[in-house]
Amino acid sequence: MSESQLTLRPMTRAEWVEWMPRQMAGYAEHIAASGAMSQADAWQKAKNDTARSFHAGFETPGQLVLRILAGDEAVGWLWLAVPGPDLDRQMAWVYNIEVDPAYRGRGYGRAAMLLAEGEARSRGMTSLGLNVHGQNKVARSLYDSLGYDVMTQQMKKPL
C-alpha cells in the first residue's frame, strides 16, 4: 500500500463528536497500561489534555483531525497538530493515528504516516514528532522503519 492509494480528508463535525470520547478513552487506556498512573488518574489526564488541545472544540485552530480513506472507504483517522506543542514552531505533531482493526496489516498505517508527513510539509513544517507508549511494539517498529529517532525515553521497573 502506498500513500498515493490513500487520501486524507477533514473529519466532519458528526464524526468528531463520535471520535472524541473514543479518543479520550483510548488515550487513558494507553496511559494506565504503561503503568504511569492509575486508571482514574489516567482518565483525568486524558480529559485535561484533550480539553487543552481542543480548547475551541471542533474548530480549534491547528488541530487537524482527518479521516484516512482507501478509495471511498474510511479505514482510520489521524490527529495532527500544526504546529505541535513543542517549542519548535516548525514541528508538527501526530497526537494519534489509528487504523480500524478490520483494515490493519495492509500497510495503511505506514501510508497514512507518509501522508501526515506530506500534510505537515505542505503547511511549512520541517519535522514531525510523536509519542509512542513503550508497550506498543507494532507502532514503535513502524516509526523506527520510517526513520523516526528516539528523542527521550522513560523507563520504569516495579519493585
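Look a little higher up for the structure.
Residues numbered from 1 in each chain as written. Predicted model: local features only at pLDDT ≥ 70, side-chain atom pairs only at ≥ 80, totals over all residues. Heavy atoms only, no water.

**Brief notes about the environment of Ala56**
Next, step 1: Take Ala56: it is sitting in the loop between helix H2 (39–53) and strand E2 (63–70).
Next, step 2: With 19 residues separating them along the chain, Ala56 and Val75 place their C-alpha atoms 27 Å apart. (Helix = DSSP H or I, 4+ residues; strand = E, 2+ residues; numbered from the N terminus.)

**Things to note about the sheet that holds strand E1 (residues 6–10)**
Next, step 1: Read from one edge of the open sheet, five strands run E1-E2-E3-E4-E5, paired in mixed fashion. Strands at the two margins of the open sheet, each flanked by one partner only, are E1 and strand E5 (127–130). For this sheet the average axis-to-axis angle between neighbouring strands, irrespective of direction, equals 35 degrees.
Next, step 2: Examined bridge by bridge, E1 and E2 share five bridges and lie antiparallel to one another. When the bridges of E2 are listed, Pro10 appears paired with Leu66.
Next, step 3: Its contacts with the sheet place helix H3 (residues 108–122) against E1, E2, strand E3 (73–81), strand E4 (91–99) and E5, and it is angled at close to 155 degrees to E4. (Pairing = 2+ DSSP bridges. Axes fitted to C-alpha atoms, helices over the stretch in contact; angles between N-to-C directions. Contact = heavy atoms within 4.5 Å.)

**Let's talk about the environment of Gly109**
Next, step 1: Along the chain, Gly109 falls in helix H3.
Next, step 2: As a C-alpha pair, Gly109 and Ile68 span 41 residues in sequence and 9.3 Å in three-dimensional space.

**Focus on the packing of H3 against helix H4 (residues 137–145)**
Next, step 1: The geometry of H3 relative to H4 is characterised by a closest axis approach of 11 Å and an angle of 50 degrees between their N-to-C directions. Comparing their axes, H4 and H3 come out oblique. Here H3 runs over H4; the crossing is right-handed. Across the interface between the two elements, Gly109, Arg110 and Met113 of H3 pack against Leu142, Tyr143 and Ser145 of H4. (Parallel < 35°, antiparallel > 145°, perpendicular 65-115°, else oblique. Left-handed = near helix turned anticlockwise from the far one by under 90°.)

**Concerning the packing of aromatic side chains**
Next, step 1: This model, assessed by the stated rule, comprises nine aromatic pairs.
Next, step 2: Taking 5.8 Å as the distance between ring centres and 70 degrees as the angle between the ring planes, the aromatic pair formed by Trp16 and Phe58 counts as edge-to-face. With Trp16 in helix H1 (residues 13–33) and Phe58 in the loop between H2 and E2, the pair connects residues that are 42 residues apart, well separated along the chain.
Next, step 3: The class of Phe58 is partly exposed, set by a relative accessible area of 24%.
Next, step 4: Taking 6.0 Å as the distance between ring centres and 80 degrees as the angle between the ring planes, the aromatic pair formed by Trp19 and Phe54 counts as edge-to-face. One end of the pair, Trp19, is in helix H1; the other, Phe54, is in the loop between H2 and E2, and 35 residues separate them in sequence.
Next, step 5: By relative accessible area, Phe54 is classed as buried at 7%.
Next, step 6: An aromatic cluster is defined as three or more aromatic residues linked by ring pairs; in this entry it consists of Trp16, Trp19, Phe54, Phe58, Trp77, Trp79 and Tyr95. (Phe/Tyr/Trp six-rings, centres within 6.5 Å; stacked < 30°, edge-to-face > 60°. Buried < 20%, exposed > 50% of the residue type's maximum accessible area, 1.4 Å probe, protein only.)

**A short note on the nonpolar core**
Proteins that are soluble and globular tend to have nonpolar side chains buried together.
Next, step 1: Of all hydrophobic cores here, the largest spans 29 residues; its most connected members are Leu6, Val94, Met113 and Leu128.
Next, step 2: Those elements that provide at least two residues to this core are E2, E3, E4, H3, E5 and H4.
Next, step 3: The element contributing the most residues to this core is H3, with seven residues.
Next, step 4: One finds Met11, Trp16, Phe54 and Val65 within the second-largest nonpolar core, a separate group that totals nine residues. (Core = buried A, V, L, I, M, F, W, Y, C linked by side-chain atoms within 4.5 Å.)

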